[in-house]
Amino acid sequence: MVAIVVSVAAAQEGPTYRAPRLAGTQNPDLNGVWQVLNTANWDLEPHAAGPAPFPALVGAIGAEPAGQGAVEGGKIPYQPWAAAKKKENFEKRFAHPTDVQTNDTTGDPEAKCFLPGVPRATYIGLPFQMIQTANQVLISYEFASATRIVYMDRKPKIPADAWMGWSIGHWEGDTLVVDVTNQLDRTWLDRAGNFHSDALHVVERYTPVTPYHLMYEATIEDPKVFTRPWKITMPLYRHIERNSQLLEFKCVEFAEEFMYGHLIDKPKSNQP
C-alpha cells in the first residue's frame, strides 16, 4: 500500500520526472498506446451509478458506473439556454435518425459511429496511439479508426471544418500543447448530452509524469454555449502488455440497423 501511495504522489508532483527524449530531439518521447481509466465518456461531471438504457432487456449489462467527474469545479458553466439543450440532448440520445435533419441534430453521435471529436476521442474508453516525429504527431484512435495530425513545425492553411478539427502543437517544457479549432458542431462531449457549437476552441496539454502516465488537460472555450472557459483533467495510462497495439473497431456496420432500419422493407402481412 505504501508503494502505491508513493507512486500516486509522484504522478501528481509531475515536474520531478524527466521523460526519455525522442531520438534526435530535446523533446520527451510520448510514443505509445494510451487509455483512460475513468467514466468521463458517460458524463464529464460527477455522477451516480445508473441503470442500463434498456434494463428489462439487458439487466445490469451496460449500466452506468459512478464517476467523480473530470471537470474542474464539478460543473460545466452552461448558458441558461444551453443547460436546457443539454438536458434535451440526454432525453433524446437514442433518437433514430429518420431524416437528414434528425441525423444532424438529434441523438448521441457515438451511437451512429460518427468520429468523436476532441476532446471526447481521448476518453471515449478505447485506446489511442501517439506516433511522434520531430515535426508532427499522429494520434490514431481505435474508435471508428479516427486519426488526426498535430502539426509541430508549421501552421498549414485550414482546408475546412472537420470532425476531428485542426490541430497545431508546440512544446512548453516537457508538455505537448495542442491548439484545436475548426471542429464540426455535431460532436458531443459525452453520453450525458454535453455539447458545443461550431465556435469550440480546445487547448490540450499532455504532460509525462511517470514512465507509464501522462497527465491530460483540456481547456474548453465556446462563447456561444458556455459562460466562461473551463477545464477537464485526467491521467492517461500507457499500455505495457506484450505486443500492445490498436485493434479494429470499425463500428459503422454496428450502427447500420440503428440508422437505416426504418428504410428496410417490412414483410407484408398475408392477413386480409
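Please refer to the structure placed before this passage.
It should be emphasised that the depicted structure is a prediction, and the values quoted were computed from it without experimental measurement.

Peer 1: Mind laying out the overall build of the protein chain, listing which residues take part and the relevant values?
Peer 2: When its secondary structure is counted, the protein chain shows six helices and nine strands. For 272 residues, the compact-globule estimate of 2.2 N^0.38 gives 19 Å, and the protein chain sits close to it at 20 Å. Relative to its full complement of 272 residues, the protein chain shows a buried share of 44%. In the protein chain, the proportion of contacts linking residues at least 24 apart, taken out of those at least 6 apart, comes to 57%. A total accessible area of about 14,800 Å² is found for the protein chain, and carbon and sulfur atoms account for 57% of it. Of the charged side chains in the protein chain, 25 are positive and 31 negative, and the gap between their average positions amounts to 1 Å.

Peer 1: Which residues make up the pattern of salt bridges, and what values go with them?
Peer 2: Counting across every chain of the model gives 11 salt bridges. Two residues, Asp108 and Arg120, come together in a salt bridge whose shortest N-O distance is 3.0 Å. Taken together, the residues span a long stretch of sequence, with Asp108 in the loop between helix H4 (100-105) and helix H5 (120-123) and Arg120 in helix H5 at a distance of 12 residues. Taking relative accessible area as the criterion, Arg120 reaches 2% and is therefore assigned buried.

Peer 1: Please set out the nonpolar core residue by residue, giving values where relevant.
Peer 2: In terms of nonpolar packing, the biggest core is built from 41 residues, with Leu44, Met130, Tyr206, Trp230 and Ile232 touching the most fellow members. When residues of this core are traced back to their parent elements, those giving at least two are H5, strand E2 (128-132), strand E3 (136-141), strand E6 (175-181), strand E7 (201-210), strand E8 (213-221) and strand E9 (230-238). If we skip the residues at most four places from it in the chain, Trp230 touches Leu44, Val71, Ile76, Pro77, Leu189, Ala218, Thr219 and Ile220. Residues Cys113, Phe143, Ala255 and Met259 belong to the second largest nonpolar core, which totals 10 residues.

Peer 1: I'd like to hear about the packing of aromatic side chains, residue by residue, with values.
Peer 2: Throughout the structure, instances matching the rule amount to 11 aromatic pairs. Centre to centre, the rings of Phe249 and Phe254 are 5.7 Å apart; their planes meet at 65 degrees, and the pair counts as edge-to-face. The partly exposed category is assigned to Phe249, whose relative accessible area is 28%. For Phe254, a relative accessible area of 53% corresponds to the exposed category. Here Arg93 stacks its cationic end above the ring of Phe90, 3.9 Å away from the centre of that ring.

Peer 1: Got a sec to walk through the side chain of Asp43? Specific residues and values, please.
Peer 2: Tracing the chain through its elements places Asp43 in the loop between strand E1 (32-35) and helix H2 (55-58). For the buried Asp43, which has no salt bridge, the nearest side chain bearing the opposite charge is Lys86, at an N-O separation of 4.8 Å. Separated by 3.0 Å, the side chain of Asp43 and the backbone nitrogen of Glu45 make a polar contact. Discounting chain neighbours no more than four positions away, the residues touching Asp43 are Glu64, Asp190, Ala192 and Asn194.

Peer 1: I'd like to hear about the sheet that holds E2, residue by residue, with values.
Peer 2: Sheet architecture is closed into a barrel: nine strands sit in the order E1-E2-E3-E4-E5-E6-E7-E8-E9, paired in mixed fashion. Strand-to-strand twist across the sheet, computed as the mean angle between neighbouring axes with direction ignored, equals 30 degrees. Sheet topology note: the E1/E2 ladder contains three bridges and is antiparallel. Looking at E2, one finds that Val33 is bridged to Gln129.

Parameters at a glance
Residues numbered from 1 in each chain as written. Predicted model: local features only at pLDDT ≥ 70, side-chain atom pairs only at ≥ 80, totals over all residues. Heavy atoms only, no water. Helix = DSSP H or I, 4+ residues; strand = E, 2+ residues; numbered from the N terminus. Rg over C-alpha atoms; globule rule 2.2 N^0.38 Å. Buried < 20%, exposed > 50% of the residue type's maximum accessible area, 1.4 Å probe, protein only. Contact = heavy atoms within 4.5 Å. Areas by Shrake-Rupley, 256 points an atom, 1.4 Å probe, with all protein chains shown as cover. Lys, Arg positive; Asp, Glu negative; His and termini not counted. Charge placed at Lys NZ, Arg CZ, Asp CG, Glu CD. Salt bridge = Lys/Arg side-chain N within 4 Å of Asp/Glu carboxyl O. Core = buried A, V, L, I, M, F, W, Y, C linked by side-chain atoms within 4.5 Å. Phe/Tyr/Trp six-rings, centres within 6.5 Å; stacked < 30°, edge-to-face > 60°. Lys NZ or Arg CZ within 6 Å of the ring centre and 35° of its normal. Polar contact = N/O pair within 3.5 Å; in protein donor to acceptor, adjacent residues only side chain to side chain. Pairing = 2+ DSSP bridges. Axes fitted to C-alpha atoms, helices over the stretch in contact; angles between N-to-C directions.

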